[in-house]
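Remarks on the overall topology
Residue strings, one per chain:
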Amino acid sequence: MTTQTDTQSIVGRANRDGARLFRDWFGELTDLAEQGGGAAYVFVMGSFNEILKSFDMPVAFPEINSLQTAVRRVAHEYLEEAEDYGYSPDICGYVKADVAVQLREGKHPMGRIPKPSLAVLTNACNTYVKWAEIWERMHDCPIVTIDVPGSREQGRAVSTAGSRERRFENDRRYVEGQMRELITTCEQLSGKRFDLDKLREVLGYANRMSRAWKRVLELNRAKPSPFNALTDGTIYLGVANGLRGTEVGAKYFEDLVEELEYKVENGIGTLNDESYRLAFVGVPCYPIFRRFTEMFTEWGGNYVSSTYLWFASGGANRGFEYDLDKPLESLAEGVLLSVRDAMDSMFHNDRVLTEMIDEFALDGIIYHPIKSCRTVSTGLADGRRFLSANRDIASLFIESDMMDRRVVSEAQLKNRVDAFFEGLASRRHQASRA
Ligand code: SF4
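Owing to the predicted nature of the structure, the values given are computational and were not obtained by experimental measurement. (Residues numbered from 1 in each chain as written. Predicted model: local features only at pLDDT ≥ 70, side-chain atom pairs only at ≥ 80, totals over all residues. Heavy atoms only, no water.)

**A closer look at the overall build of the chain**
Keep this limit in mind: Every helix listed is a DSSP run of H or I at least four residues long, and every strand listed is a run of E at least two residues long, numbered separately from the N terminus. In this description the radius of gyration comes from C-alpha coordinates, and the expected globular size is given by 2.2 Å times residues to the power 0.38. Here a residue-residue contact requires only that any non-hydrogen atoms of the pair lie within 4.5 Å.
Tallying secondary structure elements over the chain gives 18 helices and ten strands in all. The C-alpha radius of gyration computed for the chain amounts to 21 Å, which stays within 12% of the reference 22 Å derived for 434 residues, consistent with globular compactness. C-alpha atoms of the chain, sized along the principal axes, occupy 70 × 55 × 50 Å. Within the chain, counting contacts between residues at least 6 apart in sequence, those at least 24 apart form 79% of the total.

Spelled out as structure tokens, the structure:
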């Protein structure tokens, strides 16, 4: 029997715990920076957190640091500082906010970010490559770039037998070879020998997280859906990236599954009245994050899924579990699958969305191209056109930014969103009369 005490202690727990873990993480980074220590700078698409954690290296995610400046409504100060320093208003806002953080010697609204002792990146976004060069110039830190081959044919990458698999195996070995070079760099920097058993332990925690993440995504198929993929999802993504490969991170996601299962069993939705089920494509509008979400929830629209939950989940997107008997081989396979999948969900979002329409019983899709991010935004219009031609699904195309409030017009966004929901209501009305 469910009691009120159960509900009070379980519902909302993941958001409370996520905020606490986030504060603790930034607190540790701040202490480290004050002591003059460094951290490995990594990115959400292919962080290699597993290898870095096996060397006990502290990890910082500049993308997450930057988005926090927008959520805390001070991003414009950082952007303007970087522009005054010489960066174009046109480039990725995450880069510029980070440049300002570096110019301020790590000072950040959540504390202080240590200098980079190492930067690890993939080719998942071309901006990563130029961004890391900025740290190299500013701090003379080593950079390890891992080239992850993208998809060369339609359909998801596979790792089973056949000619397609030979190509997959070649790609996997290519990634593994580069990963071994990263390990050598970590040995040189840390003065520690690589410990395969330690990596196995880290991978075990990552497996628990991936299993739970898969279940979290599945649970939001329920009606009403237990979480908002945009707001709650951003908290989950922070923990999925920052605490990947740790026991705390694994436990957080297992607790989250318990909370969401509880909500589903008891019919507790994230909205009191979920009238429309939506998917979000792109990166959220952080400068007015709460208001942006309210524009949809006020109409009973809930984000039940998003491409963001795939491409920014730090390797958990496929629910892939590492083979602990072959840790390095399996890690290379997991990286290849997850980074490739992340790239596909950005560049070929129509494939991911086609699956989501049925799985999540979607009423509409919101495309949100942003000025700052060409990687995610280029091609959204083409993807929308393809989907409109092939599926009977309502969609909305609204433009703003994830960092720069100067290009966010709340009134214009609201007009477009209101008109979209009016259209959805009339669509539903017509369908009920058919
Ligand atoms: S361009 Fe887009 S994907 Fe690349 S770093 Fe910037 S926000 Fe991330």
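**Overview of the site of the ligand**
To be explicit about the condition: Definition of nearness: a residue and a molecule or strand are near each other if at least one heavy atom of the residue lies within 4 Å of the molecule or strand. When residue character is reported, Ala, Val, Leu, Ile, Met, Phe, Trp, Tyr, Cys and Pro are called nonpolar, Asp, Glu, Lys and Arg charged, and the others, Gly included, polar.
Glu-63, Cys-92, Tyr-94, Cys-125, Thr-127, Tyr-128, Trp-131, Cys-373, Thr-375 and Met-402 make up every residue found near the ligand. Examining the composition of the shell around the ligand, we find that three residues originate from one element, helix H7 (residues 126-139), more than from any other. Grouping the constituent residues of the shell around the ligand by class yields seven nonpolar, two polar and one charged.

**What about the packing of aromatic side chains?**
Geometrically, a pair of aromatic rings is defined through the distance of the ring centres and the angle of the planes. This is how the line gets drawn: In this scheme Phe, Tyr and Trp rings, the latter by its six-membered ring, pair at centre separations within 6.5 Å, and the angle between planes marks the pair as stacked below 30 degrees, edge-to-face above 60, and tilted otherwise. For each residue, the accessible area found with a 1.4 Å probe, counting protein chains only, is set against the maximum for its type, and the residue is called buried under 20%, exposed over 50%, and partly exposed in between. Placement of a positive charge over a ring is assigned whenever Lys NZ or Arg CZ falls within 6 Å of the ring centre and within 35 degrees of the normal to the ring plane.
This structure, assessed with the given rule, holds 25 aromatic pairs. Consider the rings of Tyr-85 and Tyr-87, whose centres lie 6.3 Å apart with planes at 15°: the pair is stacked. Residue Tyr-87 is classed as buried on the basis of its relative accessible area, which comes to 19%. Arranged with centres 5.7 Å apart and planes meeting at 45°, the rings of Trp-131 and Trp-135 form a pair that is tilted. Taken together, the positions of Trp-131 and Trp-135, both in helix H7 and four residues apart, correspond to about one turn of that helix. You'll find Trp-131 and Trp-135 in the same group, each marked buried. Clustering of aromatic rings is evident, with ring pairs tying together Tyr-276, Phe-280, Phe-292, Phe-296, Trp-299, Tyr-303, Phe-420 and Phe-421. Between Arg-104 and the ring centre of Tyr-78, over which it is positioned, the NZ or CZ distance is 4.0 Å. Taking the ring centre of Phe-360 as reference, the NZ or CZ of Arg-221 above it sits at 5.9 Å.

**Here's the deal with the sheet that holds strand S6 (residues 143-146)**
We count it as follows: In this analysis, strands are considered paired if DSSP registers two or more bridges between them. For helices, the axis comes from a line fit to the C-alpha atoms of the stretch in contact; other axes are also lines fit to C-alpha atoms, and the angle between any two N-to-C directions lies between 0 and 180 degrees.
Read across the open sheet, the four strands follow the order S2-S1-S5-S6; overall the sheet is parallel. Both outer strands of the open sheet, strand S2 (59-60) and S6, are each paired with one neighbouring strand and no more. With two bridges connecting them, strand S1 (residues 38-41) and S2 associate as parallel partners. Residue pairing for S2: Ala-40 is matched across the bridge by Val-59. Each of S1, strand S5 (115-122) and S6 touches H7; the most contacted strand, S5, lies at about 160° to it.

**Comments concerning the environment of Phe-347**
With respect to the helices and strands, Phe-347 occurs in helix H14 (residues 327-347). The class for Phe-347 is partly exposed, based on a relative accessible area of 41%. Once the C-alpha coordinates of Phe-347 and Met-45 are considered, the two residues, 302 residues apart in sequence, prove to be 14 Å apart. Apart from residues no more than four positions distant in its own chain, Phe-347 is found in contact with Ala-124 and Thr-375.

**Structural notes on the pattern of salt bridges**
Our working rule: Just to be clear on terms, a salt bridge is a Lys or Arg side-chain nitrogen sitting within 4 Å of an Asp or Glu carboxyl oxygen.
With the rule as written, the count across this model stands at 35 salt bridges. Note that Arg-291 is salt-bridged to Glu-294, the shortest N-O span being 3.0 Å. With Arg-291 and Glu-294 both in helix H12 (residues 289-297), this residue pair falls three residues apart, about one helical turn. In this structure Glu-294 comes out as partly exposed when scored by relative accessible area, which is 30%. For Asp-382, the salt bridge identified is with Arg-385, shortest N-O distance 3.2 Å. In this pair, Asp-382 and Arg-385 are both assigned in helix H17 (residues 380-390), three residues apart and thus about one turn of the helix distant. The class of Arg-385 is exposed, set by a relative accessible area of 57%. Linked by salt bridges that have partners in common, Glu-83, Lys-96, Lys-371, Asp-404 and Arg-406 make up one network.

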